[in-house]
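The primary structure of each chain is shown beneath.
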Amino acid sequence: MKPTLSELISRGKTLISDGAWGTILQAKGLKPGECPEQWNIDHPEAVLDIARSYIEAGADTIETNSFGGNSFKLMSFGLENQVYELNRKAAEISRLAAGDDKYVLGSIGPTGKMLVMGDVNEEELYDSFKNQAVALYDGGADALVIETMTAIDEATIAVRAARENTPCEVICTMTFDHLKTGDYRTMMGVSPAEMVVALKEAGAHIVGANCGNGIEGMIPITEEIRSVDKDIPVLIHANAGLPVLNGTCTVFPESPEMMAAFAPQLARAGANIIGGCCGTTPEHIRKLAEVLR
Ligand SMILES: [Zn+2]
């Protein structure tokens, strides 16, 4: 049987993950205000092309085009009844690119609803994550990656929904900002150390960080995670730096070479799965794979 990600990591392997999907979809013609997940049905070849480009670049794990595939986000496009179809298709496309050997991580992003604001209740959030997780599993996801989380209550509900309704390994990563004090906190005030404790208790197999302000800042974040837990597998998906506006275009400043230069130090700090987030491309992943292998 295929080993789980945690098993591979326990054998000392550093795994290479994929890079951005959203910014690549935009480069392929996704318009502002258009639903990215609808592309799984309308432009499956374009989505498959992204998945394949990361496998060809050397990724061991690739995500799915389903980051905004929860009922709340899809509602803003009038697609709330398509949760199952859009997510299952997302996983099927990545499965096709990954073949049997590589790993498909079903992407689950935040709902945009805040429990603390009373936007939504716990049961509604749980059901939304459950429906998305089940569809991704049905489409062939090996693991689920709950990502870009900022609120610990939403993150833990998503982890529980994924654990209790699928047999998948569950990964959860949060997005940290660098404060003037030097500390790292999510927008909702969660530290990396607090995250590890809460997500482990909720049942996450793998924790970590994604997005944020570039790969260098992921090193102290990983060190903080490791200061409270030496063993839990850690996944890091770093942005290609903070986006800067160049005329009317958003550009990400970190080149593949810049990202790759920090990757060995990130691995030594304790990251087990390393890939990219916004602004990263197959070329970033190719360079990461070169230096880490
Ligand atoms: Zn990102």
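Analysis parameters
- Residues numbered from 1 in each chain as written.
- Predicted model: local features only at pLDDT ≥ 70, side-chain atom pairs only at ≥ 80, totals over all residues.
- Heavy atoms only, no water.
- Helix = DSSP H or I, 4+ residues; strand = E, 2+ residues; numbered from the N terminus.
- Expected span 1.5 Å × (residues − 1).
- Buried < 20%, exposed > 50% of the residue type's maximum accessible area, 1.4 Å probe, protein only.
- Contact = heavy atoms within 4.5 Å.
- Axes fitted to C-alpha atoms, helices over the stretch in contact; angles between N-to-C directions.
- Parallel < 35°, antiparallel > 145°, perpendicular 65-115°, else oblique.
- Left-handed = near helix turned anticlockwise from the far one by under 90°.
- Nonpolar A, V, L, I, M, F, W, Y, C, P; charged D, E, K, R; others polar.
- Polar contact = N/O pair within 3.5 Å; in protein donor to acceptor, adjacent residues only side chain to side chain.
- Pairing = 2+ DSSP bridges.
- Donors = N, O, S within 2.8 Å, 3.2 Å for Na, K, Ca; no water.
- Tetrahedral: all angles 85-135°; square planar, octahedral: opposite > 155°, others 65-115°.

Enquirer: Explain helix α4 (residues 44-57) to me, please; I cannot follow it from the model alone.
Expert: Residue pairs spaced three or four apart in an α-helix point in one direction, given the helix's 3.6 residues per turn. A rise of 1.5 Å per residue sets the reference length of α4, with its 14 residues, at 20 Å; its end C-alpha atoms lie 20 Å apart and thus fit the reference within 8%. Taken residue by residue, α4 has Ala46, Val47, Leu48, Ile50, Ala51, Ser53, Tyr54, Ile55 and Ala57 as its buried positions. At its buried positions, α4 is contacted by α2 (22-27), α3 (39-42), β2 (61-63), α6 (83-98) and α12 (282-292). Looking one or two residues beyond α4, the residue adopting positive phi is Gly58, at roughly 115°.

Enquirer: Even after reading the chapter, I still don't get the packing of helix α7 (residues 122-138) against helix α8 (residues 152-165), so can you show me in this structure?
Expert: For any two helices packed against each other, the geometry is given by the interaxial angle and the distance between the axes. Closest axis-to-axis distance for the α7/α8 pair is 8 Å, and the angle between their directions is 50°. In terms of orientation, α7 lies oblique with respect to α8. The handedness of the crossing between α7 and α8 is right-handed. For the pair α7 and α8, contact is made by Glu122, Leu125, Tyr126, Phe129, Lys130, Ala133 and Val134 and by Glu154, Ile157, Ala158, Arg160, Ala161, Ala162, Glu164 and Asn165, respectively. Here the contact of α7 with α8 is composed, by residue class, of 9 nonpolar, 1 polar and 5 charged.

Enquirer: Can you help me understand α7 in this one?
Expert: Across its 17 residues, α7 extends 24 Å between first and last C-alpha, which sits within 8% of the 24 Å expected from 1.5 Å per residue. Among all positions of α7, only Leu125, Tyr126, Ser128, Phe129, Gln132, Ala133, Ala135 and Leu136 are buried. At the N-terminal boundary of α7, the capping side chain belongs to Asn121, with an oxygen 3.1 Å from the backbone nitrogen of Glu123. Gly140 lies just past α7 and shows a positive phi near 115°.

Enquirer: Honestly, the sheet that holds strand β4 (residues 143-149) in this entry has me stumped. Any pointers?
Expert: Backbone-to-backbone hydrogen bonds join strands into a sheet, with any given pair of strands oriented parallel or antiparallel. In spatial order, the strands read β1-β12-β9-β8-β5-β4-β3-β2; together these 8 strands make up an open sheet with parallel pairing. Since the sheet does not close on itself, it has two edges, and those belong to β1 (15-16) and β2, each with one partner. Helix α11 (residues 256-269) rests against β9 (234-238) and β12 (273-276) of the sheet, and its axis sits at about 155° to β12.

Enquirer: Any chance you could explain the coordination of the zinc ion here in plain terms?
Expert: Angles at a metal have ideal values that depend on geometry: 109.5 degrees with four tetrahedral donors, 90 or 180 degrees with six octahedral donors. Taken together, the protein ligands of the zinc ion are Cys211 (SG), Asn239 (OD1), Cys277 (SG) and Cys278 (SG), with distances of 2.1 to 2.6 Å. Geometry at the zinc ion is tetrahedral, judged from the 4 donor atoms that bind it and their angles of 90 to 127° at the metal. One chain supplies every donor to the zinc ion, and in sequence these donors are spaced C-x27-N-x37-C-C. Here the residue Cys211 occupies a position in strand β8 (residues 206-211), and Asn239 occupies one in the loop between β9 and β10 (244-246), the gap between them amounting to 28 residues. When sorted by exposure, Cys211 lands in the same class as Asn239, which is buried.

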